[in-house]
Amino acid sequence: MLFWLRQQRPMTRFLRSSFKLYRRQLAWLSLLVVGLLPRILSARTFPQQFERIKQAATREQLYRLLYAMPKGGDLHQHFNLANLAESWLLLATDPKVTRNNVFYTRARPRDCPNITSTAPRFTTLQKSSVEILPPCQRDEYVALSAMTPEERALFVSGLKLDRDDEGRQEFFDAIGSRIGDMGRDPNLASAALVDNMRRFAAEGLRYMEVFVIGPKFIDIYGQPVAVERGVQILRERLMTPDAQATGMTVRFLATVVRHHPDAESQIERAYELVSKHRDLFVGINIAGREEDGRGHALRFVDVFRRMRTRYGGIPLSLHAGESEAPGTQVKDTLLLGANRIGHGTNLLSDQSTLLLMRGNHYLIETSLLSNQLLKYVPDIKQHPFPEFLRIGIPVCLNTDDRGAWDSNMTDEFFAAVTNFNLSWEEIVAIGRNSLTYSFAESPVRERLLREYDTAVKRFELLYIGDDWPEKLRQVNLPKSGYAKRKWGIFE
Ligand SMILES: [Zn+2]
């Protein structure tokens, strides 16, 4: 008997441990049955699920889905003009941000004898700039914190194209002056950049390329801040814990205004700046109104060729063809050595360049809302974007000057999906393009692509089931003024 028991003990132990193992497997199996199996058995791919959602979703549900979706990068974004009006007001009246610099706006224009002011209403100046004005003009300015509620509303509206009668003129002639000295204060402007990083990260972006002119900062006495010091301030601000916590990678393009009389020497300085700070400044851009003939692309052929004799590996993203009139600006800009083209809205009118760009590696940075609101393509349905995308020209979506559009990246995707019926594969290809064609150093670019692919897989798994409407209700959605006005979302 004793012998028998001795024989049985290992056997019992074996049986018990096997049962434990079995129980563990059973638990895993039941988890699989309850959780994943229905999704697997439905044999539905995410592209199919996306089509089902597009059919069944309300506009707000589709908007929520596109907000929650991973989006890669924004490769075309202008420093200062990308900041939301409400953020400017909040940050510019926070002494911790401005370090006691005070901002005033021309809220109360008057008829001042012998003075004709060209400053638009709500031009914003810092204290030192207001103090040097003649007394009558000085009285036109009110501290941002002392505005009446009506003036606050008008101030905020003045920084946006929020009325149908506003367009290119309002944008180019007024909004820059209204941002005014707020954009020249290095502490305020860099705080606004971090505010943008947080907002873009919340809608699924991981990377931003920001176009910086200068940087042209002034101190609280109105004296210019040296470019090197300006770069140092930007660099240090990006290293602060709140900026780091956004998870966003930011790089800058040294940007030159094309119609400026000394644009050529600005291009030379831009090369010098990029070559000194290659970890932060990754390329060069040319911006500004193209219809102003003084800044036509061919003017810069010589200077870019000269710069290429001195510097290697500095890529170019240049605005070109942002026009409603036919033209060869994109071709002329490729001749400057452009790697990427900003807008390219008139490319369809230049057939040989269109053919050259098919299946090639020049990316077009499309901004649907910008082109609509500045009336280069007043009807989004007429935009060449789907043609670029579907004949094989690399393209991505960008926010450009979203502060003025009162919009975000979700709005760009919502406009693209609802006007051009984008498939899931097309959305992911656009997201991947926005990282593949970025000018970030290749290890950073590869990391961002890996992170994007992982985030896309996680997103697909989350929304593959029939419970997507419940999942979407949990998305914390900030209001976009553009989406509210144009699409009636959030009403
Ligand atoms: Zn632009």
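Definitions and limits used
Residues numbered from 1 in each chain as written. Predicted model: local features only at pLDDT ≥ 70, side-chain atom pairs only at ≥ 80, totals over all residues. Heavy atoms only, no water. Helix = DSSP H or I, 4+ residues; strand = E, 2+ residues; numbered from the N terminus. Buried < 20%, exposed > 50% of the residue type's maximum accessible area, 1.4 Å probe, protein only. Areas by Shrake-Rupley, 256 points an atom, 1.4 Å probe, with all protein chains shown as cover. Lys, Arg positive; Asp, Glu negative; His and termini not counted. Charge placed at Lys NZ, Arg CZ, Asp CG, Glu CD. Salt bridge = Lys/Arg side-chain N within 4 Å of Asp/Glu carboxyl O. Contact = heavy atoms within 4.5 Å. Phe/Tyr/Trp six-rings, centres within 6.5 Å; stacked < 30°, edge-to-face > 60°. Lys NZ or Arg CZ within 6 Å of the ring centre and 35° of its normal. Axes fitted to C-alpha atoms, helices over the stretch in contact; angles between N-to-C directions. Parallel < 35°, antiparallel > 145°, perpendicular 65-115°, else oblique. Nonpolar A, V, L, I, M, F, W, Y, C, P; charged D, E, K, R; others polar. Donors = N, O, S within 2.8 Å, 3.2 Å for Na, K, Ca; no water. Tetrahedral: all angles 85-135°; square planar, octahedral: opposite > 155°, others 65-115°. Pairing = 2+ DSSP bridges. Disulfide = S-S within 2.5 Å. Left-handed = near helix turned anticlockwise from the far one by under 90°. 1 Å grid on protein atoms, 1.4 Å probe; cavity = no way out; pocket = protein on both sides within 12 Å on 5 of 7 lines; lining within 4 Å. Points joined across faces, edges and corners; volume = space filled by probe spheres on them. Domains from an automatic or database assignment. Buried area = accessible area lost by both parts, 1.4 Å probe. Polar contact = N/O pair within 3.5 Å; in protein donor to acceptor, adjacent residues only side chain to side chain.

**Topic: the overall build of the protein chain**
- Across its full length, the protein chain holds 25 helices and eleven strands.
- Principal-axis analysis of the C-alpha atoms gives the protein chain an extent of 120 × 55 × 45 Å.
- Scored against the burial criterion, the 491 residues of the protein chain give a buried share of 54%.
- Counting every atom, the protein chain has about 23000 Å² of accessible surface; 55% of that belongs to carbon and sulfur.
- Once the 66 positive and 58 negative side-chain charges of the protein chain are each reduced to a mean point, those two points are 10 Å apart.

**Things to note about the side chain of E412**
- Structurally, E412 is set in helix α21 (residues 409-420).
- Of the side chains bearing the opposite charge, R402 lies closest to the buried E412, which forms no salt bridge; the N-O distance is 9.6 Å.
- Excluding its chain neighbours within four sequence positions, the residues that come into contact with E412 are S367, L368, L369, S370, L397, N398 and T399.

**As for the packing of aromatic side chains**
- Applying the stated rule across the entire model yields 17 aromatic pairs.
- A ring pair is formed by Y63 and F490, whose centres lie 5.6 Å apart and whose planes are at 85°; its orientation type is edge-to-face. A residue pair is termed long-range when its members are at least 10 positions apart, and Y63 in helix α4 (residues 59-68) and F490 in the segment after α25 (481-487) qualify at 427 residues. Side by side, Y63 and F490 carry an identical accessibility label, which is buried.
- Clustering of aromatic rings is evident, with ring pairs tying together F46, F50, W424, F459 and Y463.
- When the ring centre of Y376 is taken as origin, the NZ or CZ atom of R168, which lies over that ring, is 3.9 Å away.
- A cation over a ring is seen here: R340 above F439, with NZ or CZ 4.0 Å from the ring centre.

**As for the packing of helix α3 (residues 46-56) against helix α22 (residues 424-436)**
- At a minimum axis distance of 8 Å, the contact between α3 and α22 shows a crossing angle of 110°. When the interaxial angle is binned, α3 and α22 end up roughly perpendicular. Residue-level contacts link F46, P47 and F50 of α3 to W424, E425 and I427 of α22.
- Here the residues of the contact of α3 with α22 sort into five nonpolar, no polar and one charged.

**Quick word on the pattern of salt bridges**
- Taken as a whole and assessed by the stated rule, the structure comprises 38 salt bridges.
- Between K276 and E228 there is a salt bridge, and its shortest N-O distance comes to 3.7 Å. With K276 in helix α14 (residues 263-276) and E228 in helix α12 (residues 227-239), this residue pair connects regions lying 48 residues apart in the sequence.
- Classification of E228 by relative accessible area gives partly exposed; the value is 36%.
- A salt bridge links E470 to R473, with the shortest nitrogen-to-oxygen separation between them at 4.0 Å. A residue pair is termed a helical-turn pair when its members lie 3 or 4 positions apart in one helix, as E470 and R473 do in helix α24 (residues 468-473) at three residues.
- Judged by its relative accessible area of 39%, E470 is partly exposed.
- Its relative accessible area of 61% is what places R473 among the exposed residues.
- One network of salt bridges, in which partners are shared, links E86, K160, D406 and R485.

**Quick word on the coordination of the zinc ion**
- Distances from the zinc ion to its protein donors, H76 (NE2), H78 (NE2), H319 (NE2) and D400 (OD), fall within 2.1 to 2.4 Å.
- Around the zinc ion sit four donor atoms; with metal-centred angles ranging over 86 to 175°, the donor geometry is irregular.
- All donors to the zinc ion come from one chain, and their sequence spacing reads H-x1-H-x240-H-x80-D. Of the two residues, H78 is situated in strand β1 (residues 72-78) and H319 in strand β8 (residues 316-320); the sequence distance between them amounts to 241 residues. As far as burial versus exposure is concerned, H78 and H319 are alike and both buried.

**Thoughts on the sheet that holds strand β4 (residues 141-143)**
- The strand order across the open sheet built from three strands is β3-β2-β4, with neighbouring strands paired in antiparallel fashion. Here the strands that pair on one side only, and so sit at the sheet edges, are β3 (124-126) and β4. In this sheet, neighbouring strand axes are inclined to one another by 35° on average, regardless of whether the strands run parallel or antiparallel.
- The pairing of strand β2 (residues 103-106) with β3 spans three bridges and is classified as antiparallel. When the bridges of β3 are listed, Y104 appears paired with L125.

**Focus on the state of the cysteines**
- This model, assessed by the stated rule, comprises one disulfide.
- Through a disulfide, C112 is tied to C136; the S-S separation comes to 2.1 Å. Disulfide C112-C136: the torsion about the S-S bond is -85°, which places it as left-handed. Here the residue C112 occupies a position in the loop between β2 and β3, and C136 occupies one in helix α8 (residues 135-138), the gap between them amounting to 24 residues.

**As for the packing of helix α5 (residues 85-92) against helix α9 (residues 149-158)**
- Look at α5 against α9: their axes get within 8 Å of each other, and the N-to-C directions meet at 125°. Of the possible angle classes, the one that applies to α5 and α9 is oblique. The chirality of how α5 crosses α9 is right-handed. Here A85, E86 and L89 of α5 come into contact with α9, specifically with R152, F155 and V156.
- Considered class by class, the residues forming the contact of α5 with α9 number four nonpolar, no polar and two charged.

**So, the layout of surface pockets**
- Looking at the largest pocket, its volume works out to about 1000 Å³.
- Taken together, 35 residues form the lining of the largest pocket, with F79, L81, G176, I213 and V257 sitting closest to its centre.
- Mapped onto the lining of the largest pocket, the elements with two or more residues apiece are β1, α10 (168-179) and β5 (205-212).
- For the lining of the largest pocket, a count of residues per class yields 14 nonpolar, 13 polar and eight charged.

**Re the domain arrangement of the protein chain**
- By domain assignment, the protein chain separates into domain 1 (59-84 + 204-473) and domain 2 (102-172).
- Between the C-alpha centres of domain 1 and domain 2 the distance comes to 30 Å.
- If you look at the interface, domain 1 gives 18 residues, while domain 2 gives twelve residues.
- Where domain 1 abuts domain 2, roughly 1200 Å² becomes buried across the two surfaces, and 52% of that area is made up of carbon and sulfur atoms.
- For the domain 1 face of the interface with domain 2, the top three residues by lost area are R289, L374 and A404, together amounting to 38%.
- At the boundary of domain 1 with domain 2, the tally comes to three salt bridges.
- Residue E291 is joined to R168 by a salt bridge in which the shortest nitrogen-to-oxygen separation is 3.0 Å.
- Put simply, domain 1 and domain 2 have twelve residue pairs in polar contact (both at pLDDT 80 or more) between them.

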